Amino acid sequence: MKPTPRKAMRLALGAVGLLVGIYGAVLLLTRQDPRQWLEVAIWFGVGVLAHDVVLSGLLIGVCLLGGRFLPPPWRAPATIALVVWGTLTVATVPVLTRAGARADNATLLDRPYAATWWAMTGIVVVLVAVAGLVRSRRSHEEG
Amino acid sequence: MTMRLAPPSPDQFTSRLRSPAVAARVGLWLGICFGTCFVTGLISHYAQLPDQPIPFPTSPSWGYRLTQGLHVVTGTAAIPLLLVKLWSVLPKLFEGLPLRDVRALVLTGLERASIAVLVASAIFQLATGLANAAQWYPWSAFSFRTTHYAIAWVAIGALVVHVAVKLPVIRDVLTSDIDATSRDRATAATDTPGVLSRRALVRTTFAAAAVTALATAGSTVPWLRRVSVFAVRTGEGPGGVPINKSARAARVEESATSADWRLEVVVDGSTAASLSYDDLRAMPQHTADLPIACVEGWSAQGTWSGVRLVDLLASAGAPADRDVAVTSLQESGPYRRTTLPANFAADPRTLLALDLSGEPLALDHGYPCRLIAPDRPGVLQTKWLSRLEVST
């Protein structure tokens, strides 16, 4: 059976992807030694576990709690806040921990990151509370 | 009552938000970010190669600043996109395998393997890139540059395979209404009262990506400095330019401030000139506005003054159209000795800078003398120069 043009295109695309990926694997295997491969493999595993088990598990728990304890008018504001605040927090882990800071370089990590994060978190909580109260009152009046 | 810990089954995920309609819309922009990161990463990698088949251009002087700024900003913006994308497809992680049908088992297994590689390499790239941008190196064995480059090819390859596999679904859901249910999982039928619509979730995700980018991009976009409260740098520093590696970290404090310091110019293995700081000051001085643009994604424009490299090479009797080996006072490190390609050496904007913003270079900026050339990665703008070598 002859493949349709669309299917042929997908096969070609898949083959290109496979070759590109293999090229990357060859680069890693030829330019790093087995000790380094092992560390990359550990990072691969830890990264996937950190996301698929820790972060996803945490999020499922938070959503279950939110579904049980948050009244419906509060849920949309809380979800929006969780997406923006949560992803921004993940993206700022290196500056929040200041792990790369050096005593001999005052131009690096030179902002009050933790204080800013607490202030941002406080603002987010207040915004969710205001939106939740306003929406509760509105649905009450409509109901 | 007994508690049993078991992985969930896909049927237990009933939210209509976890759907191909959301995954494809967020995934499209995630793909655009990854594609931008890949292309700009290739440019950065090429710019750092010691031997370039086609010389990296010296113009525009802000070219590398733009591409590397884009690299780090799009990589950072990809974090919210990746997290929501993975959330939207999480039920698939728990789907069973078609154990009875060998052909289906092989195909499903291959697809699952490609997804595993894609997810692991995507998380790896964003995590290592993010850490590197904050000068945090929590790994001990692998080389960041080599590994980030190799895994980039793996991630892009796996991404292309993923798009090839999913193309019919992607095409279908992107051309249908976002609330269409024809491609949904059968059990994804619950609208939790009060929770977002699909459209609102996608918009929130894009907003999160924009907020993350704006909150960090001030390291490379000066007018965002006040907004970028989570940027790795404020952009402040001696002469208005931040520092990557200090003189203390490079262990040059003594040699760089010694009265015996000389800049050696070596032509064909023999010393053609040995210039003191005062000798350099006595030569014709020129000024150029050029950026420092680091691989870590921060950049800053500086007004540099000093001796033109072409003038210095001419006075030492060296030809202007040759590669120049540039050596720093640093005693170790991969960038102690680098090659300045001939086209950079011949560019009249390339300076042996003595001043920044009208003041003598700070020790941490490369005093007594540093190289500054247009459109060049920051790590190759050698500080604390000690020797220039040319072969005719």
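So, a few notes on the structure that sits alongside this text. (Residues numbered from 1 in each chain as written. Chains lettered and ligands numbered in written order. Predicted model: local features only at pLDDT ≥ 70, side-chain atom pairs only at ≥ 80, totals over all residues. Heavy atoms only, no water.)

1. A word on the packing of helix H1 (residues 20-47) of chain B against helix H2 (residues 63-88) of chain B
Residue and element names in this part refer to chain B.
Phase 1: For the pair H1 and H2, interaxial distance at closest approach is 8 Å and the crossing angle is 150 degrees. With respect to their mutual orientation, H1 and H2 come out roughly antiparallel. The hand of the H1/H2 crossing is left-handed. (Axes fitted to C-alpha atoms, helices over the stretch in contact; angles between N-to-C directions. Helix = DSSP H or I, 4+ residues; strand = E, 2+ residues; numbered from the N terminus. Parallel < 35°, antiparallel > 145°, perpendicular 65-115°, else oblique. Left-handed = near helix turned anticlockwise from the far one by under 90°.)

2. Considerations on unusual backbone geometry
Residues and elements named next belong to chain B.
Phase 1: Put simply, Ser59 and Pro60 share a cis peptide bond, and its omega is -5 degrees.
Phase 2: Of note, Pro60 is situated in the loop between H1 and H2.
Phase 3: Between Tyr367 and the following residue, Pro368, the backbone shows a cis peptide bond with an omega angle of 5 degrees.
Phase 4: Relative to the assigned elements, Pro368 resides in the loop between strand S8 (359-360) and strand S9 (370-372).
Phase 5: For Arg251, which is not a glycine, the phi torsion comes out positive at approximately 55 degrees.
Phase 6: Relative to the helices and strands, Arg251 resides in the loop between helix H6 (247-250) and helix H7 (253-257).
Phase 7: Residue classification places Arg251 among the exposed residues on the basis of a relative accessible area of 70%. (Buried < 20%, exposed > 50% of the residue type's maximum accessible area, 1.4 Å probe, protein only.)

3. What to know about the pattern of salt bridges
Residue and element names in this part refer to chain B.
Phase 1: For the structure on display, the rule yields 10 salt bridges over all chains.
Phase 2: Of the charged contacts, one joins Asp184 and Arg198 as a salt bridge, the two residues approaching to 2.5 Å between their closest N and O atoms. Note that Asp184 is positioned in the loop between helix H4 (144-175) and helix H5 (198-216) and Arg198 in helix H5, a separation of 14 residues in sequence.
Phase 3: Accessibility expressed as a relative area gives 15% for Asp184, which makes it buried.
Phase 4: Under the relative-accessibility criterion, Arg198 is labelled buried at 2%.
Phase 5: In this structure, Asp355 and Arg281 form a salt bridge, with 2.7 Å as the shortest nitrogen-oxygen distance. Placement of Asp355 in strand S7 (residues 351-356) and of Arg281 in helix H8 (residues 277-282) is noted, with a sequence separation of 74 residues between them.
Phase 6: Its relative accessible area of 13% is what places Asp355 among the buried residues.
Phase 7: When salt bridges that share partners are traced, they join Lys92, Glu95 and Arg112 into one network. (Salt bridge = Lys/Arg side-chain N within 4 Å of Asp/Glu carboxyl O.)

The values are spatial; any link to function lies outside them.
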